[in-house]
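# Residue-level structural notes
Chain by chain, the residues:
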Amino acid sequence: MSKREQQKQQRRQSIIDIAKDLFLEQGVQKIQMQDVATAAGIGIATLFRYFPKKEYLMIAAANAITEEMATSVGQIVQQNCTAYEKIEQILDYYIGITKDPQQRLAKYFESFDLYEKIAEESPEQYTEYLSARNKLSSALLTLAEQGKQDASLRADVDFDLFIMTMVQNFSIFTFKSSLTKHAPNLSTLLSADKQLLMMKDVFLRYIQP
């Protein structure tokens, strides 16, 4: 890669990082492209050369967040402990996302859901979209293989299927439950914390030897 191309990639990543922080802190609807350009110290025309649509920038920011989450899960998978303990830590990691009183990440992904299909319009965006998710999938499949070998999990479970299904559904429910509003008489009973802890317990009991 030439020096010019490296500088271009660095600037693009800097724009994504700045936009991600703005989207999370202030909300997608409040942030306009000019806000991102100003924060990045570039002209609006330069920003549009990198991201012709705000939706493309949202997707790039979402991909960066997913990449960070995949890295965190990958670090758990690489720890020196049993597969069962790693699964418990991964569930705790997603539960920890709900501890943000402003629910920034949950709100961001709720907004991103509206634009996810637009990723397919841009080959570069879509490649990053797939790469971030493949990184997470790879870490989970590595964990599934460990679970087959260390005898910390039930021997009669299809762990490839279980771990992919568990993490996908648990992560989605983590974001959805933290934003769901209930009637006053149900808000305590159906709190996100209680629901997630119950789901965690169900998953862990299912895989115990």
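Summary of the structure given here. Just so you know, these numbers come straight off a predicted model, no measurement behind them.

### Topic: the overall build of the protein
- Along its length, the protein carries 10 helices and zero strands.
- Counting from the amino terminus, helix and strand elements in the protein follow one another as α-α-α-α-α-α-α-α-α-α.
- Looking at the 209 residues of the protein, the share that counts as buried comes to 42%.
- Accessible surface computed for the protein: about 11,700 Å², of which carbon and sulfur atoms make up 52%.

### What to know about the pattern of salt bridges
- A complete count under the given rule lists nine salt bridges for this structure.
- A salt bridge links E67 to K135; its shortest N-O distance comes to 3.1 Å. Of this pair, E67 sits in helix α4 (residues 54-77) while K135 sits in helix α7 (residues 123-149), and the two are 68 residues apart along the sequence.
- Of the charged contacts, one joins R205 and D201 as a salt bridge, the two residues approaching to 2.7 Å between their closest N and O atoms.

### Here we look at the environment of I207
- Here I207 lies in helix α10 (residues 192-207).
- Given a relative accessible area of 0%, I207 falls into the buried group.
- Note: C-alpha distance between I207 and G147 (60 residues apart in sequence) is 9.8 Å.
- Aside from chain neighbours lying at most four places away, what touches I207 is Y84, I87, S152, L153, R154, F159 and F162.

### Section: the environment of L22
- Checked against the element boundaries, L22 lands in helix α1 (residues 3-26).
- Each C-alpha atom, one on L22 and one on Q32, is 9.7 Å from the other, the two residues being 10 residues apart in sequence.
- Contacts of L22, omitting those with residues within four sequence positions, involve G27, I31, D35, V36 and A39.

### Description of the packing of aromatic side chains
- Inspection of every chain in the model, using the stated rule, returns four aromatic pairs.
- Centre to centre, the rings of Y93 and Y94 are 5.3 Å apart; their planes meet at 70 degrees, and the pair counts as edge-to-face.
- Residue classification places Y94 among the buried residues on the basis of a relative accessible area of 2%.
- Aromatic pair F162 and F203: ring centres 6.0 Å apart, planes at 75 degrees, arrangement edge-to-face. Remark: F203 occurs in helix α10 and F162 occurs in helix α8 (residues 159-179); sequence separation between them is 41 residues. A single burial state applies to F162 and to F203, both of which are buried.
- Across the ring face of Y206, the terminal group of R154 is positioned such that the distance to the ring centre comes to 4.7 Å.

Calculation criteria
For every chain, the first residue of the written sequence is number 1, and numbering continues from 1 onward in sequence order. Given that this is a predicted model, residues contribute local features only at a pLDDT of at least 70 and side-chain atom pairs are listed and counted only at 80 or more, while totals for whole chains, interfaces and linings are drawn from all residues. Computation of side-chain values covers all heavy atoms of the structure but excludes hydrogens and water. Strands are runs of DSSP state E lasting at least 2 residues, helices are runs of H or I lasting at least 4, and numbering of each runs from the N terminus. Accessible area is worked out with a 1.4 Å probe on protein chains only. A residue is then buried under 20% of its type maximum, exposed over 50%, and partly exposed in between. Computed by Shrake-Rupley with a 1.4 Å probe, the accessible areas treat only the displayed protein chains as cover when residues are assessed. A pair is scored as a salt bridge if a Lys or Arg side-chain nitrogen falls within 4 Å of a carboxyl oxygen belonging to Asp or Glu. We call two residues in contact when some of their heavy atoms are within 4.5 Å. Here is the rule: rings of Phe, Tyr and Trp (six-membered ring for Trp) pair when centre to centre is within 6.5 Å. Planes less than 30 degrees apart are stacked, more than 60 are edge-to-face, and the remainder are tilted. Criterion for a charge above a ring: Lys NZ or Arg CZ within 6 Å of the ring centre, and within 35 degrees of the ring normal.

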